Amino acid sequence: MIAAGLLLGLLPHAAQSADELWDRGERAAAIEAMLAELSARGDDAGFRRTLVERELAVHRYAAALEHLEPLGDELDAERGYCLYRLGRFEEAVRYLDPTRRNHALLIFDTLEALGRHAEAADALARAAEILGADEPRVLARVGKTRAREGDHAAAVKAFRAALDADPLLMEALFGLGRALLRTGEREEGLRVLARHRALVPLVDELDFARDGLDLNPLHGPNHARVGDAERRLGLLDRAEASYARAAQLAKPEEAAPIALRHARLLDEDRGDPKAAVSVLELAYHRVRDARLAVRAAAVLLAAKDARGAVEWLEEAKRVRPNDAEIQRRLEEARAAVEAGG
């Protein structure tokens with residue numbers, strides 16, 4: 001057994017290792033490293049506080065709640081947040097901090113869930129002061145309140161205003177559909193609810209991808225998965241930014257799949273084959289993956305640039321000289337050139 005003095009002497013190195021893991025984006029491993037030394041840290045409040053902050057960052061609310069217990073009231077706001085996320089609303093409402101921007105609406109939600117509607121109304125008024133009355137999440141909760149009170153016309157107005165600012169705010173979309181049904185606008189209400197049903201899995205996919213990014217924000221494929229979800233939701237600017245960040249972080253073996261997905265967005269959604277080929281070319285110079293050359297050729301061929309397609313397919317053939325499919329595509333592209341393409 002390692003002597004206590006020797007173990008304590010090793011702790012600075014262990015802590016540094018956990019920090020290095022965290023800085024490299026390996027957040028789960030960093031937390032596990034900290035947990036391995038937690039008992040030896042004794043009453044080191046700073047170490048425990050860092051552990052709690054990191055657990056919150058990766059949505060480990062039950063663990064964070066357990067580990068912040070010895071810290072007393074200095075982390076009451078974090079305690080309230082964990083309790084809220086765990087659905088323990090009666091306890092959460094005692095600790096959530098009404099002065100924190102990210103707690104303002106949680107307090108309203110908690111009080112509503114507990115049926116304390118008068119207090120919830122006061123909390124919503126405070127949230128509007130902190131976040132702004134035109135903040136879409138505030139407007140959505142105004143709509144929810146008006147609907148609960150039976151004023152469905154006012155609810156429709158609030159939900160529409162929320163969706164004008166954030167078309168993908170699911171609570172507002174669902175609330176609008178239900179409120180429209182209550183006001184007799186059945187056809188539109190059903191259309192809105194159908195859109196809500198169609199969007200829910202796509203929004204869930206984006207949330208799941210973002211959770212993965214929280215676990216490792218320096219992992220190229222994680223950023224690409226966020227980009228995929230954003231693209232499916234039509235958030236093209238955000239998807240482009242996610243793919244660009246993914247390319248910056250990608251290891252060589254990850255570069256080609258990311259570039260292929262980015263290029264599809266540029267070609268198919270943006271209608272910009274030149275930009276698509278530029279993305280593919282940049283990745284190809286890095287990894288010499290034949291898939292990139294083949295895709296660049298396909299984009300150029302569709303854009304009526306058969307000569308450019310031939311050049312890329314000849315490049316692909318140099319990488320994979322015995323690939324029959326590349327040879328077939330090359331012959332087709334050459335034929336298109338001869339035909340005047």
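Small disclaimer: the values here were computed from a predicted structure and weren't measured.

Chemist: Help me understand the overall build of the protein chain, please; the structure alone is not making it clear to me.
Modeler: Helices and strands together make up the secondary structure of the protein chain, namely 19 helices and zero strands. Relative to the globule expectation of 20 Å for 341 residues, the C-alpha radius of gyration of the protein chain, 27 Å, shows a markedly less compact shape. With the C-alpha coordinates aligned to their principal axes, the bounding extent of the protein chain is approximately 80 × 75 × 25 Å. In the protein chain, which comprises 341 residues, the proportion classed as buried is 43%. The contacts in the protein chain between residues at least 6 apart in sequence include a share of 44% that link residues at least 24 apart. Roughly 17,900 Å² of accessible area belongs to the protein chain as shown, and the carbon and sulfur atoms make up 52% of that amount. If you average the places of the 51 positive and of the 60 negative side-chain charges in the protein chain, the two averages end up 4 Å apart.

Chemist: Would you explain the pattern of salt bridges in this entry?
Modeler: As a working rule, side chains carrying opposite charge can pair if their charged atoms are close by. This structure, assessed with the given rule, holds 36 salt bridges. Across the pair Asp109 and Arg141 runs a salt bridge, and its minimum N-O distance is 2.9 Å. With a gap of 32 residues between them, Asp109 in helix α7 (residues 101-113) and Arg141 in helix α9 (residues 136-149) connect regions that are remote in the sequence. Its salt-bridge partner being Arg270, residue Asp237 comes within 2.3 Å of it at the nearest N-O pair. A residue pair is termed long-range when its members are at least 10 positions apart, and Asp237 in helix α14 (residues 236-249) and Arg270 in the loop between α15 (252-269) and α16 (273-287) qualify at 33 residues. With relative accessibility at 35%, the residue Arg270 sits in the partly exposed group. Look at the salt bridges and you will find they share partners, linking Arg231, Arg264, Asp267, Glu268, Asp269 and Arg295 into a network.

Chemist: Sorry, what's going on with the packing of aromatic side chains here?
Modeler: Geometry of an aromatic ring pair is reported as the spacing of the ring centres plus the angle between the planes. Counted by the stated rule, this structure contains three aromatic pairs. Both rings, one in Tyr61 and one in Tyr81, keep their centres 5.8 Å apart while their planes meet at 75°; by these two values the pair is edge-to-face. You can see Tyr61 sitting in helix α4 (residues 61-68) and its partner Tyr81 sitting in helix α5 (residues 76-85), a full 20 residues away along the chain. Grouping residues by exposure puts Tyr61 and Tyr81 together as buried. Their ring planes at 55° and their centres at 5.7 Å tell us that Tyr84 and Phe89 sit as a pair that is tilted.

Chemist: Looking at this structure, I do not really get the side chain of His152. What am I missing?
Modeler: If you trace the backbone, His152 turns up in helix α10 (residues 152-165). On the basis of relative accessible area, His152 is assigned to the buried category, the value being 15%.

Chemist: What is the right way to look at the nonpolar core in this model?
Modeler: Note that soluble globular proteins tend to have their nonpolar side chains buried in a common cluster. Grouped together as the largest cluster of nonpolar side chains are 37 residues, with contacts concentrated most on Leu265, Val277, Leu280, Leu292, Trp312, Leu313 and Ala316. The set of elements that each furnish at least two residues to this core consists of α14, α15, α16, α17 (290-302), α18 (306-319) and α19 (324-338). The greatest single-element share of this core, amounting to eight residues, is contributed by α17. The residues touching Leu265, leaving out its near neighbours within four places in the chain, are Arg231, Leu236, Ala239, Glu240, Tyr243 and Arg270. Counting 27 residues, the second-largest nonpolar core is a separate cluster that includes Val93, Ile107, Ala123 and Ala127.

Chemist: Would you explain the packing of α10 against helix α11 (residues 170-182) in this entry?
Modeler: Geometry of a packed helix pair, given as the angle between the helix axes and the separation of the axes. With their axes 9 Å apart at the nearest point, α10 and α11 run at an angle of 150° to one another. Taken together, α10 and α11 sit at an angle that is classed as roughly antiparallel. At the point where α10 passes α11, the crossing takes the left-handed sense. Only Glu171, Ala172, Leu173, Gly175, Leu176, Ala179, Leu180 and Arg182 of α11 make contact with α10, whose side of the interface consists of His152, Ala155, Val156, Phe159, Arg160, Ala162 and Leu163. Its residues placed into classes, the contact of α10 with α11 shows ten nonpolar, two polar and three charged.

Chemist: Before we go on, may I ask you to explain the confidence of the model for the protein chain in this structure?
Modeler: A low pLDDT score tells you not to read the predicted coordinates there in detail. The share of residues in the protein chain with pLDDT of 70 or more is 95%, and the mean pLDDT across the chain is 93. Segment residues 1-15 is flagged for pLDDT under 50; beyond a separation of four residues in sequence, or across chains, it makes nine contacts in the model.

Chemist: Quick question: what am I supposed to make of the environment of Leu213 here?
Modeler: Among the structural elements, Leu213 can be located in helix α12 (residues 186-215). Sequence separation of Leu213 and Val58 is 155 residues, and the distance between their C-alpha atoms is 9.1 Å.

Chemist: Where do I start with the side chain of Thr145 in this structure?
Modeler: In this fold, Thr145 is placed in helix α9. With sequence-adjacent residues up to four places away left out, Thr145 is seen in contact with Phe108 and Leu124.

Chemist: Would you mind showing me how to read unusual backbone geometry here?
Modeler: Residues other than glycine predominantly adopt negative phi, and peptide bonds predominantly adopt the trans conformation. Although it is not a glycine, Arg288 adopts a positive phi angle of roughly 50°. Relative to the helices and strands, Arg288 resides in the loop between α16 and α17. A positive phi angle is found at Lys304, which is not glycine, with a value near 70°. Relative to the assigned elements, Lys304 resides in the loop between α17 and α18.

Thresholds, definitions, all that
Residues numbered from 1 in each chain as written. Predicted model: local features only at pLDDT ≥ 70, side-chain atom pairs only at ≥ 80, totals over all residues. Heavy atoms only, no water. Helix = DSSP H or I, 4+ residues; strand = E, 2+ residues; numbered from the N terminus. Rg over C-alpha atoms; globule rule 2.2 N^0.38 Å. Buried < 20%, exposed > 50% of the residue type's maximum accessible area, 1.4 Å probe, protein only. Contact = heavy atoms within 4.5 Å. Areas by Shrake-Rupley, 256 points an atom, 1.4 Å probe, with all protein chains shown as cover. Lys, Arg positive; Asp, Glu negative; His and termini not counted. Charge placed at Lys NZ, Arg CZ, Asp CG, Glu CD. Salt bridge = Lys/Arg side-chain N within 4 Å of Asp/Glu carboxyl O. Phe/Tyr/Trp six-rings, centres within 6.5 Å; stacked < 30°, edge-to-face > 60°. Core = buried A, V, L, I, M, F, W, Y, C linked by side-chain atoms within 4.5 Å. Axes fitted to C-alpha atoms, helices over the stretch in contact; angles between N-to-C directions. Parallel < 35°, antiparallel > 145°, perpendicular 65-115°, else oblique. Left-handed = near helix turned anticlockwise from the far one by under 90°. Nonpolar A, V, L, I, M, F, W, Y, C, P; charged D, E, K, R; others polar. pLDDT = per-residue confidence, 0-100.

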